[in-house]
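# Coordinate inspection notes
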Amino acid sequence: MAEQWKGSIVVESKSGANGSIAAEEVARAAPDGYTWLLVTTFFTASPALNASLRWDPVKDFIPIGQICQAPNFFIVPASLPVKSVAEYVALAKAKPGTLNYSHPGKGSTGHLGFELFKRLAGIDVTGVGYRGYPQMVPDIASGLINSTFLSANQALAQVQSGAIRIIGAISDGRSKYFPDVPTMAEQGFAEAQVTPWFGVVVPAGTPEPIVERIGKVLEAALVTSDVRQKLDVAGCEAKSAPLAPFADIIKADFALWARVVKEAGITAD
């Protein structure tokens, strides 16, 4: 993007509060086109988890465009005797409250996505929260954890070793990473087909010509082979959505996660 922009682009990591600190800083930044925010699921889920947030994903930002989708996969340990989502649901219903699932943190796609699936399937499965993936993945492989959602690059090594099994793809159509795995929609859970994404937004009030220019630069970068290759290695399928479609995605996810959080009774720590 810097080459297209004809200027420097500085990437600054702002950790804390599941991305909310960074979001608030950008929301309050001057709307001059010089401050952008890289967003993902936290952006649309955080307001439902924390009513005291001082930023709104719809009112305080203008969407520039979606960058990519990072399909998740429904993972179980090889020791669990299920080979499809239907078999998993049947086992969960036969033994309510005995199965568990892991997630890398409250409000993550793995957390909210599995809670959505649980309600659609009508099953009782206990959530186990981790601080990221380093310990979570080995615990799944060992059978300590019965199920989870992982991205392609997180799952690949364990799939190849035979330690875990993929029973469903959470992506728009079959994923190129594991094309033989049927999607959740194919297995009767279309509403659980919520694919994590990444995108760029800027502060509300940014002039339209600047918004359009950033959007064009983003689109130009996403068609280059180098960028697509790097995204691919990260398990993220380049899939752009310009301003208007991306705005619709943000609004839809905002409403979805608000409903899931309310129905599951999830609160911020």
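Residues numbered from 1 in each chain as written. Predicted model: local features only at pLDDT ≥ 70, side-chain atom pairs only at ≥ 80, totals over all residues. Heavy atoms only, no water.

Quick look at the confidence of the model for the protein chain now. Keep in mind that low pLDDT regions are not for reading the predicted coordinates in detail. When the pLDDT values of the protein chain are averaged, the result is 92; 99% of them are 70 or greater. Summarising per-element confidence for the protein chain, the mean pLDDT is lowest in strand E9 (residues 237-242) (82) and highest in helix H4 (residues 85-94) (98). (pLDDT = per-residue confidence, 0-100. Helix = DSSP H or I, 4+ residues; strand = E, 2+ residues; numbered from the N terminus.)

The next point concerns the packing of aromatic side chains. Tallied over the entire structure, the rule returns 17 aromatic pairs. Plain terms: the ring middles of Tyr88 and Phe117 are 6.4 Å apart, the flat faces sit at 45 degrees to each other, and that makes the pair tilted. Taken together, the residues span a long stretch of sequence, with Tyr88 in helix H4 and Phe117 in helix H5 (residues 109-121) at a distance of 29 residues. Here Tyr88 and Phe117 have matching classes, each one buried. With centroids separated by 5.6 Å and ring planes inclined at 80 degrees, the aromatic side chains of Phe114 and Phe117 adopt a geometry described as edge-to-face. On the criterion of helical spacing, the pair formed by Phe114 and Phe117 is a turn pair, its members being three residues apart in helix H5. For the pair formed by Phe114 and Phe117, the shared burial category is buried. Of the aromatic side chains, those joined through ring pairs into one cluster are Phe74, Tyr88, Tyr101, Phe114, Phe117, Phe149 and Phe189. Residue placement shows Arg213 over the ring face of Trp5; its charged tip is 4.0 Å from the ring centre. (Phe/Tyr/Trp six-rings, centres within 6.5 Å; stacked < 30°, edge-to-face > 60°. Buried < 20%, exposed > 50% of the residue type's maximum accessible area, 1.4 Å probe, protein only. Lys NZ or Arg CZ within 6 Å of the ring centre and 35° of its normal.)

So, on to the pattern of salt bridges. In the structure shown here, the tally under the stated rule is nine salt bridges. Residue Lys176 is joined to Asp232 by a salt bridge in which the shortest nitrogen-to-oxygen separation is 3.1 Å. Taken as a pair, Lys176 in the loop between strand E7 (164-170) and strand E8 (197-203) and Asp232 in helix H9 (residues 225-233) lie far apart in primary sequence, 56 residues in all. Judged by its relative accessible area of 54%, Lys176 falls in the exposed class. On the accessibility criterion, Asp232 (31% relative accessible area) is partly exposed. Here Glu263 and Arg259 are joined by a salt bridge, their closest N and O atoms 3.7 Å apart. A residue pair is termed a helical-turn pair when its members lie 3 or 4 positions apart in one helix, as Glu263 and Arg259 do in helix H10 (residues 243-264) at four residues. Overall, Arg259 belongs to the partly exposed group, its relative accessible area being 36%. (Salt bridge = Lys/Arg side-chain N within 4 Å of Asp/Glu carboxyl O.)

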